[in-house]
Amino acid sequence: MTDASKSSANAMWGGRFAEGPDAIMTAINASIGFDQRLYAQDIAGSRAHAAMLAATGIITSSDAAAIGEGLLTVLSEIESGNFTFSTALEDIHLNVESRLTEIIGEPGKRLHTARSRNDQVALDFRLWVRDQCDAAIRGLTDLMRAFLAQAEAGADWVMPGFTHLQTAQPVTWGHHMMAYVEMFARDRSRFEDARRRMNECPLGAAALAGTSFPLNRDMTAQALGFDRPTANSLDSVSDRDFALEFLAASSICAMHLSRFAEELVIWSSAQFRFVRLSDKWTTGSSIMPQKKNPDAAELLRAKLGRILGATVALFTIMKGLPLTYSKDMQEDKEQVFDAADTLMLGLAAMTGMVGDLTANREVLKSAAASGFSTATDLADWLVQRLDLPFRQAHHVTGSLVALAEAQGCDLPDLTLADMNAVHPGITQDVYSVLGVENSVRSRVSYGGTAPDQVRVQISRWKSVLS
């Protein structure tokens, strides 16, 4: 570090430190390499703080005006790429304040009155995470619309429903797509809830105990779009719940995204052929010319794990910290930055893949009829028509499945005589429930796979998202 750099850093720390840190300490201590992403939030918070200081008479209106204009100049320099970030100045706060003072002189030194870097970073980070919640909500809304479009196109297309990745019962393509609408709707609500809880302004808590200056914290909270100021200064500077909650919501959302990515990988395989991914989201092989690999889905499946890792990392950082601020908390941001970037990439990519997705209707229908998928319909018929206890109906149906398996056919291919040999009460009416189309139409319970029920849910969500 040069003498000039030492002098600049020491000026920010104050007169107690005669020497600057050595190179290793600088590397450990500096956060400007990543927290420069908070520049817009830092400048917005400083402008609101300066305006409040003037309104309460703590600084003059002329100083506040100079600070406000100077901060806009700094913002312009950063956004145009003409700002030089200094490691010697450690973080975004000191970098902005130092440049402000270079531009406007003495008034710039008054900006930090009645605040600390502790409440300043708590503010900046909270503003940034709040912005990411808004971005996630928008991204999820777009993704839900993409799934809705798929559901509407195939509300009555029959496909197999699975348990244990084994054919279970026939469902509809629309019903399967709507399952993800419900999942991502819950994700969206989690971000909305998290945003509401984090929408309190920590500025004014100062280092940890508040300040003796006559602040108007409601004014700064309102200026920055918060519902209210935080109520406890100790909690204000040490809280990272908002970041943890954002990561928790992101982790659940990432899990949902990854589940559908896995289904795309399976469904697009030659063994399934349920769907076709467009060339935008696939790649070929360097040696096998026939290959069309679902690389985008596979990469998402892997990348989304980073979000869970970030969540665990931040919980690990925070779990052992006493009140209030500790330097450990400087390590909170990189985890959240990476998770937010990964989430937004995942939402955008999945929205694109779902929008381009082509379902193979005939293959889906053929697969739906395999694996004795209407066995439950047969058992239900035995209960409803012959008044058998369900356990007995289950046993009869199992015997018929075994018979069909032995004959190398499916249940609808058994003759009535075959069925009567197992249970004499079975009538010709049983065939009305054994086809896959009949099966899905019969599932009329609320939330069921019957096409009419699916269309009810599609209409409801289209109205919600309009």
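To be clear, the structure that these remarks concern was listed above.
Residues numbered from 1 in each chain as written. Predicted model: local features only at pLDDT ≥ 70, side-chain atom pairs only at ≥ 80, totals over all residues. Heavy atoms only, no water.

### A short note on the overall build of the protein chain
Heads up, the rule is: The helix and strand labels rest on DSSP assignments: H or I over at least four residues marks a helix, E over at least two residues marks a strand, and numbering proceeds from the N terminus. This radius of gyration counts C-alpha atoms alone. The globule rule is 2.2 Å times how many residues there are, raised to the power 0.38. Relative accessibility decides the category of a residue: with a 1.4 Å probe and only protein chains considered, values under 20% of the type maximum give buried, values over 50% give exposed, and everything between is partly exposed. We call two residues in contact whenever any of their non-hydrogen atoms come within 4.5 Å of each other. Using a 1.4 Å probe, accessible areas were evaluated by the Shrake-Rupley method; residue-level cover was limited to the displayed protein chains. When charges are counted, Lys and Arg are positive and Asp and Glu negative, with His and the chain ends excluded. To locate a charge, take atom NZ for lysine, CZ for arginine, CG for aspartate or CD for glutamate.
When helices and strands are tallied, the protein chain shows 20 helices and six strands. Taking 2.2 N^0.38 as the reference for a compact globule, 466 residues should give roughly 23 Å; the C-alpha atoms of the protein chain span a radius of gyration of 31 Å, well beyond that estimate. Along the three orthogonal principal directions, the C-alpha set of the protein chain runs to about 100 × 55 × 40 Å. Taken over 466 residues, the protein chain has a buried fraction of 50%. Counted over contacts in the protein chain with a minimum sequence separation of 6, partners at least 24 positions apart contribute 73%. When the accessible surface of the protein chain is split by element, carbon and sulfur atoms take 53% of a total near 21500 Å². Each charge class in the protein chain can be summarised by its mean position, and for the 43 positive and 55 negative side chains these summaries are 2 Å apart.

### With respect to the pairing of strand β1 (residues 158-163)
On a regular strand, one side chain projects to one face of the sheet and the next to the other, so that they alternate. We count it as follows: For two strands to be treated as a pair, DSSP must find at least two bridges joining them.
Strand direction decides the pairing type here: β1 and strand β2 (residues 166-172), joined by six bridges, are antiparallel. Considered in β2, the bridge of Gly161 is made with Gln169. The antiparallel hairpin formed by β1 and β2 contains two residues in its connecting segment, where His164 sits at a positive phi of about 60°.

### Thoughts on unusual backbone geometry
Residue Thr324 follows Leu323 across a cis peptide bond; omega there is 5°. By the element assignment, Thr324 lies in the loop between α13 (305-318) and α14 (332-356). Positive phi values are uncommon outside glycine, yet Glu90 reaches one of about 70°. If you trace the backbone, Glu90 turns up in the loop between α5 (61-80) and α6 (92-104). Here Ala206, not a glycine, exhibits a phi torsion of approximately 60°, which is positive. Counting through the fold element by element, Ala206 comes out in the loop between β3 (200-201) and α9 (217-223).

### A few points about the side chain of Glu90
What counts is decided by this rule: The term polar contact refers here to a pair of N or O atoms within 3.5 Å; inside protein, the definition further demands a hydrogen-donor-capable atom paired with an acceptor-capable atom, and it admits residues adjacent in sequence only when both atoms are side-chain atoms.
Judged by relative accessible area, which is 5%, Glu90 ranks as buried. A polar contact is formed between the side chain of Glu90 and the side chain of Arg117, at a distance of 3.0 Å.

### Here's the deal with the pattern of salt bridges
Note the threshold: Any Lys or Arg side-chain nitrogen located within 4 Å of an Asp or Glu carboxyl oxygen qualifies as a salt bridge.
Inspection of the entire model under this criterion finds 28 salt bridges. Residue Glu152 is joined to Lys462 by a salt bridge in which the shortest nitrogen-to-oxygen separation is 3.0 Å. Pair noted here: Glu152 is in helix α7 (residues 117-153) and Lys462 is in helix α20 (residues 451-465), with a separation of 310 residues, a long-range link. Taking the relative accessible area as the measure of exposure, Glu152 reaches 44% and is therefore partly exposed. Its salt-bridge partner being Arg301, residue Glu262 comes within 2.4 Å of it at the nearest N-O pair. Highlighted residues: Glu262 in helix α11 (residues 241-267) and Arg301 in helix α12 (residues 295-303), separated in sequence by 39 residues.

### Side note on the nonpolar core
Here is the rule we go by: What we call a nonpolar core is a set of buried Ala, Val, Leu, Ile, Met, Phe, Trp, Tyr and Cys residues that are connected through their side-chain atoms within 4.5 Å.
Residues Trp173, Phe191, Phe260 and Met350 are the most contacted members of the largest nonpolar core, which totals 98 residues. For this core, the element with the most residues is α11, which contributes 15 residues. When near neighbours in sequence (up to four residues on either side) are disregarded, Phe191 contacts Cys133, Ala136, Ile137, Leu140, Phe246, Ala249, Ser250, Cys253 and Leu343. Listed in part, the 20 residues of the second largest apolar core include Phe372, Ala404, Cys409 and Val430.

### What to know about the environment of Leu414
Structurally, Leu414 can be placed in the loop between α17 (390-407) and α18 (416-422). When the C-alpha atoms of Leu414 and Asp22 are compared, they prove to be 85 Å apart, with 392 residues separating the residues in sequence. Not counting residues up to four positions away in its chain, the partners in contact with Leu414 are Leu400, Leu403, Ala404, Gln407, Cys409, Met419 and Tyr431.

### Description of the side chain of Thr220
In this fold, Thr220 is placed in helix α9. When near neighbours in sequence (up to four residues on either side) are disregarded, Thr220 contacts Ala48, His49, Met52 and Leu203.

### Examining the packing of aromatic side chains
To keep things clear, this is the line we draw: Geometry of aromatic contacts follows a simple scheme: Phe, Tyr and Trp rings, the Trp one being its six-membered ring, pair when their centres are within 6.5 Å, and the pair is stacked under 30 degrees between planes, edge-to-face over 60, tilted otherwise. The rule for a charge over a ring is simple: NZ of Lys or CZ of Arg within 6 Å of the ring centre, and within 35 degrees of the ring normal.
Within the structure shown, the criterion is met by 16 aromatic pairs. Judged by centre distance (5.6 Å) and plane angle (75°), the ring pair of Phe125 and Phe242 falls under edge-to-face. Note that Phe125 is positioned in helix α7 and Phe242 in helix α11, a separation of 117 residues in sequence. Each of the two residues, Phe125 as well as Phe242, counts as buried. Lying across the ring of Phe226, Arg130 places its NZ or CZ 4.6 Å from the centre. Positioned above the aromatic ring of Phe125, the side-chain terminus of Lys333 is 5.5 Å from the ring centre.

### Overview of α13
Spelled out, the test is: By this rule the span expected of a helix is its residue count minus one, scaled by 1.5 Å. Think of it as the arc spanned by the lines of direction from the helix axis to the C-beta atoms.
Compared with an ideal rise of 1.5 Å per residue, which puts 14 residues at 20 Å, α13 spans 21 Å between its outermost C-alpha atoms and is within 8% of the ideal. Buried within α13 we find Ile307, Ala310, Thr311, Leu314, Ile317 and Met318. Relative to the axis of α13, the buried residues are bounded by an arc of 130° and lie together on one face. Contacts made by the buried residues of α13 are with α10 (233-238), α11, α12 and α14.

### Digging into a nonpolar patch on the surface
The line we're drawing: Two distance rules govern patches: like charges are joined within 9 Å, and nonpolar side chains (Val, Leu, Ile, Met, Phe, Trp, Tyr) within 5 Å, applied only to residues with over 30% relative accessible area and no salt bridge.
A surface patch of nonpolar side chains, amounting to about 330 Å² of accessible area, comprises Ile24, Met25 and Ile28. By the element assignment, Ile28 lies in helix α2 (residues 23-29). Residue classification places Ile28 among the exposed positions, given a relative accessible area of 59%.

### As for the environment of Ala146
Counting through the fold element by element, Ala146 comes out in helix α7. Given a relative accessible area of 11%, Ala146 falls into the buried group. For the pair Ala146 and Cys133, spaced 13 residues apart in the sequence, the C-alpha separation amounts to 20 Å. Leave out the neighbours within four places in its chain, and Ala146 touches Thr351, Val354 and Gly355.

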